[in-house]
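Here's the letter readout for the chains.
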Amino acid sequence: MMAAILVGSVGITPSIIFEVLFYKLGIVSEISATKAQQIIVWDIRVPRVLLAAIVGAALAISGAAIQALVKNSIADPYILGVSSGASVGATSVLLLGAFTIFGAYALSVAAFLGAVVAVTVVFFLARVGGRTSVMRLLLAGIAVSMILSAMTNFILMMSKDQGGIQAVMHWMLGSLAGAKWSNIFIPAVVLIVVFLLLMFSYRQLNALLLGEETATTMGVNVERFRVFIILIVSLLTGVVVAVSGSIGFVGLIVPHIVRMLVGSNYKVVLPFSAVVGAIFIIWADLGARVAIAPEEMPIGIIT
């Protein structure tokens, strides 16, 4: 995190960073840092690094939970259509000027609403006779994602706004350039709540790895638990995608790396996934900032 705050177009020393942090937190009353250095550290770089950590941790624990839920090694948080739904919402704002009622938050709100609608459709398609079928969940997720991706591509094809098209492509590949203190609070709170809920449920997640029948004999209400996991993971992923765009690969691969290191017990997998995911995205964002400086590469290309 310190390295990510240090690197940028303006050179800043570690001592200046600590000075600004201590000053903003009220630990010291006087500092030698200039006003410009304070703005760069506190208002630009620190929020970006914190958002990177939140996004990485959120996608990693979501991926770990989904992989246990569907017992599928190649499942990731976007398998329920979250990313494609959010993309339609974001595209409608950037190219069609929709949701202007929400002002500066139009993009985030539209992306989140798109994600919620997509997951809701997938969830209802996956229910058969009052039960949620894992196979239908996967198939519905893929089908809905394809349909929504087609909608996004159609809007892009019909648009004549080259700047808007570029903005959409940048958003779809993920970016933390819009990080500021005001859009960190909600993702941070949702991450903490969902992480705690998943940690309290680690025994049920471990049981699911053994199969539905085994989990049922161990006292897990599989149907109710599956709905619970789908809801909280979709909420977390939707909130994160709304502020960072669609950053791929993290939720898929980080849980596998963690299992190789610490085994399959979700009591250990979840916290380690959060840490490794956070580190992964912080470094990926750092790479995205310096790869083609002074331009910024979408973080999804790095991941």
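Residues numbered from 1 in each chain as written. Predicted model: local features only at pLDDT ≥ 70, side-chain atom pairs only at ≥ 80, totals over all residues. Heavy atoms only, no water.

Q: I keep staring at the overall build of the chain and nothing clicks. Help me out?
A: The secondary structure content of the chain amounts to 14 helices and 2 strands. Relative to the globule expectation of 19 Å for 303 residues, the C-alpha radius of gyration of the chain, 20 Å, shows essentially globular dimensions. Seen along its three principal axes, the alpha-carbon backbone of the chain occupies a region of about 65 × 50 × 30 Å. Taking all contacts inside the chain whose residues are at least 6 apart in sequence as the whole, residues at least 24 apart take part in 72%. Positive and negative side-chain charges of the chain, numbering 16 and 11 respectively, have mean locations separated by a distance of 9 Å. (Helix = DSSP H or I, 4+ residues; strand = E, 2+ residues; numbered from the N terminus. Rg over C-alpha atoms; globule rule 2.2 N^0.38 Å. Contact = heavy atoms within 4.5 Å. Lys, Arg positive; Asp, Glu negative; His and termini not counted. Charge placed at Lys NZ, Arg CZ, Asp CG, Glu CD.)

Q: Looking at this model, I keep getting lost on the layout of surface pockets. Mind explaining?
A: Empty space within the largest pocket amounts to approximately 590 Å³. Taken together, 25 residues line the largest pocket, and the ones lying closest to its centre are L107, S108, N183, A242 and V243. Class assignment of the residues belonging to the lining of the largest pocket gives a composition of 15 nonpolar, 9 polar and 1 charged. Lining the second largest pocket we find 18 residues, and of these V7, G8, S9, R45 and R289 sit closest to its centre. Sorting elements by how many residues they give to the lining of the second largest pocket places helix α3 (residues 35-70) first, with 5 residues. In the lining of the second largest pocket, the residues fall into 10 nonpolar, 2 polar and 6 charged. (1 Å grid on protein atoms, 1.4 Å probe; cavity = no way out; pocket = protein on both sides within 12 Å on 5 of 7 lines; lining within 4 Å. Points joined across faces, edges and corners; volume = space filled by probe spheres on them. Nonpolar A, V, L, I, M, F, W, Y, C, P; charged D, E, K, R; others polar.)

Q: Just to check I follow, could you spell out the packing of helix α8 (residues 185-200) against helix α11 (residues 222-244) for this structure?
A: The description of two helices packed together rests on the angle between their axes and the distance between the axes. As a packed pair, α8 and α11 sit with axes 10 Å apart at the nearest point and diverge in direction by 155°. What the angle tells us is that α8 and α11 run roughly antiparallel. Here α8 and α11 pass one another in a crossing that is left-handed. Contacts from I186, P187, V190, L191, V194, L197 and L198 of α8 reach α11 at F228, I229, I232, L235, L236, V239 and V243. (Axes fitted to C-alpha atoms, helices over the stretch in contact; angles between N-to-C directions. Parallel < 35°, antiparallel > 145°, perpendicular 65-115°, else oblique. Left-handed = near helix turned anticlockwise from the far one by under 90°.)

Q: Mind showing me how you'd approach the nonpolar core here?
A: Burial of nonpolar side chains together is a common tendency in soluble globular proteins. Judged by nonpolar contacts, the single largest core of 91 residues is most densely connected at L198 and I229. The residues touching L198, leaving out its near neighbours within four places in the chain, are I61, A65, L205, I229, I232 and L270. Grouped together as the second largest cluster of nonpolar side chains are 5 residues, L95, I155, I165 and V168 included. (Core = buried A, V, L, I, M, F, W, Y, C linked by side-chain atoms within 4.5 Å. Buried < 20%, exposed > 50% of the residue type's maximum accessible area, 1.4 Å probe, protein only.)

Q: So what exactly am I meant to see when it comes to the pattern of salt bridges here?
A: Between side chains of opposite charge, pairing is possible as soon as their charged atoms come close. Counting across every chain of the model gives 6 salt bridges. Here R48 ties to D285 by a salt bridge, and the two come within 2.8 Å at their closest N and O atoms. Here the residue R48 occupies a position in helix α3, and D285 occupies one in helix α13 (residues 266-290), the gap between them amounting to 237 residues. D285 shares its class with R48; the two are buried. Here R48 and E296 are joined by a salt bridge, their closest N and O atoms 2.7 Å apart. Here E296 lies in the loop between α13 and α14 (299-302) and R48 lies in helix α3, a separation of 248 residues in the sequence. R48 gets classed as buried once you look at its relative accessible area, which sits at 9%. Using a relative accessible area of 25% as the deciding quantity, one classes E296 as partly exposed. (Salt bridge = Lys/Arg side-chain N within 4 Å of Asp/Glu carboxyl O.)

Q: Which parts of the structure should I look at to understand a nonpolar patch on the surface?
A: A contiguous nonpolar patch, built from F18, F22, Y23, L25, I27 and V28 and spanning about 550 Å² of accessible area, is present on the exposed surface. Structurally, the position occupied by L25 is in the loop between α2 (14-24) and α3. (Patch = residues over 30% accessible without salt bridge, like charges linked within 9 Å, V, L, I, M, F, W, Y side chains within 5 Å. Areas by Shrake-Rupley, 256 points an atom, 1.4 Å probe, with all protein chains shown as cover.)

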